[in-house]
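Here is what each chain is made of, one letter per residue.
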Amino acid sequence: MRCSCKECGVYMVQAEAPHLGCVCPECFYRCTDCLGTDTVVSRESLAALAFDPRFQPENLAQSFLSEEDEDG
Ligand SMILES: [Zn+2]
Ligand SMILES: [Zn+2]
């Protein structure tokens with residue numbers, strides 16, 4: 001993936017290591033936008049999961065309890 005610098009608009013080049021993204025040859029702005037979308041789960045995605053009520057331990061326990069109540 002090739003990115004253009006947000007500051008200068010010039011094409012950025014790959015940084016010295018793939019996980020570092022790319023770097024602008026003009027201002028040395030470092031881009032990480034091209035990273036993480038298909039390799040690791042982003043911190044934002046993890047936070048979104050944590051805030052999802054369905055993933056709260058209490059609610060998971062509640063759903064199990066209510067199912068048992070229906071049987072009894
Ligand atoms: Zn730049
Ligand atoms: Zn990039």
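What counts and what doesn't
All residue numbers refer to position in the chain's written sequence, counted from 1. Labels follow written order: the first chain is A, the first ligand is 1, and so on. pLDDT decides what is reported in this predicted model: residues at 70 or higher carry local features, side-chain atom pairs at 80 or more are listed and counted, and totals for whole chains, interfaces and linings draw on all residues regardless. By the criteria applied, helices consist of DSSP H or I runs no shorter than four residues and strands consist of E runs no shorter than two, each listed in order from the N terminus. Strand pairing follows a simple DSSP-based rule, namely that at least 2 bridges must link the two strands. Exposed residues have 12 or fewer other C-beta atoms within 10 Å of their own C-beta, buried residues have 20 or more, and residues in between are partly exposed; the C-beta atoms are placed from the backbone. The pLDDT value expresses, per residue, how confident the predictor is, ranging between 0 and 100. By the convention adopted here, residues make contact when the C-beta atoms placed from their backbones lie within 7 Å.

A short note on the overall build of the chain
Counting secondary structure elements, the chain contains two helices and three strands. Across the chain, helices and strands are ordered from the amino to the carboxyl terminus as β-β-β-α-α.

Some details on the sheet that holds strand β1 (residues 13-14)
On the basis of which strands lie adjacent, the open sheet formed by three strands has the order β1-β2-β3 and antiparallel pairing. Of all strands in the sheet, those with a lone pairing partner are β1 and β3 (30-31), marking the two edges. Both β1 and strand β2 (residues 22-23) contribute to a ladder of two bridges, which runs antiparallel. By the bridge assignment for β2, Q14 is matched with C22.

Looking at the environment of P18
Tracing the backbone shows P18 in the loop between β1 and β2. The exposure class assigned to P18 is exposed, which follows from the 11 C-beta atoms found within 10 Å.

Some points on the confidence of the model for the chain
Overall, the predicted model of the chain reaches an average pLDDT of 76, with 62% of residues at or above 70. The secondary structure element of the chain with the lowest average pLDDT is helix α1 (residues 43-51), at 66, and the one with the highest is β2, at 90.

With respect to unusual backbone geometry
Positioned with a positive phi, F28 is a non-glycine residue whose angle comes to about 65°. For F28, a count of 10 C-beta atoms within 10 Å gives the class exposed.

Examining the environment of V13
Relative to the assigned elements, V13 resides in strand β1. Residue class for V13 comes out exposed when judged on the 11 C-beta atoms lying within 10 Å of it. Sequence spacing of V13 and R30 is 17 residues, and the spatial spacing of their C-alpha atoms is 9.7 Å. Not counting residues up to four positions away in its chain, the partners in contact with V13 are C22, V23 and P25.

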